[in-house]
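# Observations on the model geometry
Here are the chains, one letter per residue:
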Amino acid sequence: METKQKTTLIQGSVAKGMLLFALPIFISNLFQQLYNAADSLIVGNFLGGEALAAVGSSGSLIFLLTGFVNGVSLGAGVVVARYFGARDWDRMRRTIHTTVALGIAAGVALTVVGVVLTPQILRWMGTPDSVLANSIAYFRMYFFGSIAVVMYNVGASILQSVGDSKSPMRYLIAASIINVILDLILVGWLRMGVGAAAFATIASQTVSAILAFAKLTRSKEEWAVHWNEVRFDAPSLKAVVVQGLPSGIQNSVISIANVIVQSNINSFGAQAMAGCGAYSKVEGFAFLPVTCFSMALATFVSQNVGAGQPDRVRKGMKFGTLCSVLMAEIVGAGIYTLSPWLIGAFSREPDVIAFGVQQAHTAALFYCLLAFSHCCAGILRGLGRPVVPMMVMLMIWCALRITYITITLHFIRAISVVFWAYPLTWSISSVLFAWYILHCPIPQLGGGAPAVKA
């Protein structure tokens, strides 16, 4: 019996369909960012600046070890969306179960690697001795539960690829509430240290992963997950790897670049680490319109390519990119204006606030370029061309960014050099993406085959 297909992305109004799909992703990411910020807010106010530095500098290292897996999950979602749009249920089911198997294997590997290598990676990053013990405690506890993080992303990617962005939203709202409550009890009341903040995060992520797979395993739809069918199917694995590997490599190499950037920030001391860590939590809110529309564009484009509707692809590309750019710039202007109060919420130390505000005043008004680059990357993944965004971001966001920082810091020993690396590289990548998108044809597939090109 044929499943009842969701129609919001391949039928009806393009604007309405994309907004109805993107809005739950926006709310999901908002709550995820809120509970990420809760760790730093509660730790900074109850445990002090050095503990805040340990937690605040976590983003680049965590993304280094989880970014590859999440990138592959994103690529798998594009393949599932293509089959969903073409109503190719058999290949869609095999791809879903292969993705789940891949997530389990990757989650186990990530746990082992993260727990074992955390001390060495933190030392490579130049983490100050005053912060090192807290950083190791936080990261090790986080990676003990990293399989839950991976499996939630796998489950959410599957649900979103078939047009269901509301369920992941509900699960993240529940996880956010649990995380904040646990932070307040374990850190604020019991004063159990930064390891407890990491425990609160993984406990809440475990709940969201369980909820996502409860939805997938209980569903009567064609995209339901059956544990006895979870295995690696060679053709499906190849499609997922071809589509997802470039995104995974891109995420990993960019995160390596960010770790190098973080090591440069670390060289300016714990106050700089804390200030920039607090800014990173604030900046996360600017990523909300960026992430929700880049994910929505990848799914929208892939489903409509699979359904053979190139006109809807073009309309969706224009509408989604415009919305993301405008919203990101509005958020950026707000962060620029309110940064002294926003950074001050994490720490009362003047030097910490000064570093965070300086970074905000350097980057915030350029968020429109960040949004444009990410939207173009999402569009190209949906079109089956994931290698292009990978190459652009590796060349510009990694190689050029690190080269610029390394050479310029040699002559100008100022942290502003590090801060300016971001808007400069966002600008260059935006120009390259704009040129490529204007010359990139839309495939006329219809049959759902996830053709992937460079």
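Right above here is the structure, for reference.
Residues numbered from 1 in each chain as written. Predicted model: local features only at pLDDT ≥ 70, side-chain atom pairs only at ≥ 80, totals over all residues. Heavy atoms only, no water.

### Considerations on the overall build of the protein
How we decide: A helix here means a DSSP run of H or I that spans at least four residues, while a strand means a run of E at least two residues long, and both kinds are numbered starting from the N terminus. The reference for a compact globule is 2.2 Å times residues^0.38; the radius of gyration itself is calculated from the C-alpha atoms. Each residue is assigned to one of three classes by its accessible area relative to the maximum for its type, calculated with a 1.4 Å probe on protein chains only: buried under 20%, partly exposed between the two thresholds, exposed over 50%.
What the protein contains, in helices and strands, is 15 helices and zero strands. Here the C-alpha atoms of the protein give a radius of gyration of 21 Å, agreeing with the 22 Å that 2.2 N^0.38 yields for 454 residues. Overall size of the protein, expressed as C-alpha extent along the three principal axes, is 60 × 45 × 35 Å. With 454 residues in all, the protein has 57% of them scored as buried.

### Here's the deal with the pattern of salt bridges
Which entries qualify depends on this criterion: Think of a salt bridge as a Lys or Arg side-chain nitrogen and an Asp or Glu carboxyl oxygen that are within 4 Å of each other.
Taken as a whole and judged by the stated rule, the model has five salt bridges. With a closest N to O distance of 2.2 Å, Arg 93 and Glu 222 form a salt bridge. Pair noted here: Arg 93 is in helix H4 (residues 89-124) and Glu 222 is in the loop between helix H8 (194-218) and helix H9 (234-266), with a separation of 129 residues, a long-range link. Its relative accessible area of 17% is what places Glu 222 among the buried residues. Between Asp 233 and Arg 94 there is a salt bridge, with the nearest N and O atoms lying 3.1 Å from each other.

### Notes on the packing of helix H13 (residues 367-382) against helix H15 (residues 415-439)
How we decide: Every axis corresponds to a line fitted to the C-alpha atoms, with the helix fit spanning only the stretch in contact, and the corresponding angles, defined between N-to-C directions, vary from 0 to 180 degrees. Reported orientations rely on four angle classes, namely roughly parallel under 35 degrees, roughly antiparallel over 145, roughly perpendicular from 65 to 115, and oblique for the rest. Handedness of a crossing is defined here by the sense of rotation of the near helix relative to the far one, left-handed for an anticlockwise turn of less than a right angle and right-handed for a clockwise turn. In what follows, a contact means two residues having at least one pair of non-hydrogen atoms within 4.5 Å. Polarity classes work like this: nonpolar for Ala, Val, Leu, Ile, Met, Phe, Trp, Tyr, Cys and Pro, charged for Asp, Glu, Lys and Arg, and polar for all others, with Gly in that last group.
Between H13 and H15, the least distance of the axes is 8 Å, while the angle of their chain directions is 40°. In terms of axis orientation, H13 runs oblique to H15. In this structure, H13 meets H15 at a crossing whose hand is left-handed. Of H15, the residues touching H13 (which contributes Tyr 367, Leu 369, Leu 370, Phe 372, Ser 373, Cys 376, Ala 377, Ile 379 and Leu 380) are Pro 423, Trp 426, Ser 427, Ser 429, Ser 430, Phe 433, Ala 434, Tyr 436 and Ile 437. Partitioning the contact of H13 with H15 into residue classes produces 14 nonpolar, four polar and no charged.

### Digging into the layout of surface pockets
In plain terms, the rule: Residues are called lining when one of their atoms sits within 4 Å of a cavity or pocket point, these points coming from a 1 Å grid over the protein atoms alone, where a cavity is a set in which a 1.4 Å probe fits but cannot get out and a pocket is an open set with protein on both sides within 12 Å along at least five of seven lines. Grid points are joined across faces, edges and corners, and a volume is the space filled by probe spheres set on the points.
Approximately 300 Å³ is the volume attributed to the largest pocket. Contributing to the lining of the largest pocket are 13 residues, with Met 317, Lys 318, Ile 379, Ile 437 and Leu 438 lying nearest its centre. For the lining of the largest pocket, the elements supplying multiple residues, two or more each, are helix H11 (310-344), H13 and H15. The dominant element in the lining of the largest pocket, judged by the number of residues it contributes, is H11, at four residues. Looking at the lining of the largest pocket residue by residue, the classes come out as ten nonpolar, one polar and two charged.

### Notes on the packing of aromatic side chains
Just so we agree on the cut-off: Classification of ring pairs uses Phe, Tyr and Trp, with its six-membered ring standing for Trp, and accepts pairs whose centres are within 6.5 Å; under 30 degrees between planes counts as stacked, over 60 as edge-to-face, and the remaining range as tilted.
All chains considered together, the criterion is met by seven aromatic pairs. Here Tyr 138 and Phe 139 contribute two aromatic rings whose centre-to-centre distance is 5.9 Å and whose plane-to-plane angle is 85°, an arrangement assigned as edge-to-face. Look at Tyr 138 and you get buried, because its relative accessible area is 3%. Looking at Phe 139, the relative accessible area reads 0%, which means it is buried.

### Concerning the nonpolar core
Rule in force here: Grouping buried Ala, Val, Leu, Ile, Met, Phe, Trp, Tyr and Cys residues that are joined through side-chain atoms within 4.5 Å yields what is termed a nonpolar core.
Grouped together as the largest cluster of nonpolar side chains are 70 residues, with contacts concentrated most on Tyr 367 and Leu 383. Going through the elements one at a time, helix H1 (14-47), H9, helix H10 (270-306), H11, helix H12 (350-363), H13, helix H14 (387-411) and H15 are the ones with two or more residues in this core. By residue number, the principal contributor to this core is H10, which donates 15 residues. Contacts of Tyr 367, omitting those with residues within four sequence positions, involve Tyr 279, Glu 283, Ala 286, Ala 328, Glu 329, Gly 332, Ile 335 and Trp 426. Ile 42, Val 55, Leu 132 and Val 194 belong to the second largest nonpolar core, which has 49 residues in total.

### A short note on the packing of helix H5 (residues 129-144) against H8
For any two helices packed against each other, one specifies the crossing angle of their axes together with the interaxial distance. Interaxial distance between H5 and H8 falls to 8 Å at its minimum, and their mutual angle equals 20°. Judged by the angle between their axes, H5 and H8 are roughly parallel. Judged by the twist between their axes, the crossing of H5 over H8 is right-handed. Residue-level contacts link Asn 134, Ala 137, Tyr 138, Met 141 and Tyr 142 of H5 to Val 194, Gly 195, Ala 197, Ala 198, Phe 199, Thr 201 and Ile 202 of H8. Residue composition of the contact of H5 with H8, grouped by class: nine nonpolar, three polar and no charged.

### Focus on the state of the cysteines
Just so we agree on the cut-off: In plain terms, two cysteine sulfur atoms within 2.5 Å form what is called a disulfide here.
Applying the stated criterion to the full structure yields zero disulfides. Not part of a disulfide, Cys 398 finds its nearest cysteine sulfur in Cys 376, a span of 17 Å.

### Notes on the environment of Ile 396
Position of Ile 396 among the secondary structure elements: in helix H14. Placed 36 residues apart in sequence, Ile 396 and Leu 432 show a C-alpha to C-alpha distance of 9.8 Å. Leaving out residues up to four positions away in the same chain, Ile 396 has contacts with Arg 401, Thr 425, Ile 428, Ser 429 and Leu 432.

### What to know about a nonpolar patch on the surface
Note the following rule: Patch definition: residues above 30% relative accessible area lacking any salt bridge, with like charges linked at up to 9 Å and the nonpolar side chains Val, Leu, Ile, Met, Phe, Trp and Tyr linked at up to 5 Å. Accessibility throughout is a Shrake-Rupley quantity obtained with a 1.4 Å probe, and a residue counts as covered only by protein chains that appear here.
Nonpolar side chains collect at one region of the surface, where Ile 104, Val 108, Val 112, Val 113, Val 116, Leu 117, Ile 147 and Trp 227 lie side by side and expose about 660 Å² of accessible area between them. Take the nonpolar patch: its biggest share by element is six residues, from H4. Judged by its relative accessible area of 46%, Val 108 is partly exposed.

### Concerning the side chain of Ser 373
Where we set the bar: A 3.5 Å cut-off defines polar contacts: any pair of N or O atoms within that distance qualifies, except that in protein one atom must be a possible hydrogen donor and the other a possible acceptor, and neighbouring residues in sequence count only when both atoms are side-chain atoms.
Within the secondary structure layout, Ser 373 lies in helix H13. Exposure remark for Ser 373: the relative accessible area of 0% places this residue in the buried category. A polar side-chain atom of Ser 373 sits 2.8 Å from a polar atom in the side chain of Ser 429. When residues no more than four places from it in sequence are discounted, the contact partners of Ser 373 are Met 393, Trp 397, Trp 426, Ser 429, Ser 430 and Phe 433.

### A word on H10
Working note: α-helix, 3.6 residues per turn, so residues spaced by three or four point in the same direction. Applicable threshold: In this analysis, the expected span of each helix is defined as 1.5 Å times one less than the number of residues it contains. Fitting axes to the seven residues that end at a residue and to the seven that start at it, the angle between those axes gives the bend at that residue.
Between the first and last C-alpha of H10 there are 50 Å, a value that for 37 residues agrees with the 54 Å anticipated at 1.5 Å per step. Of all the bends in H10, the greatest, near 40°, is centred on Phe 287, and the proline Pro 289 appears no more than four residues after it. The element H10 is extensively covered by neighbouring structure, given that 30 of its 37 residues are classed as buried. Trailing H10 by a residue or two, Gly 308 shows a phi angle of about 70°, which is positive.

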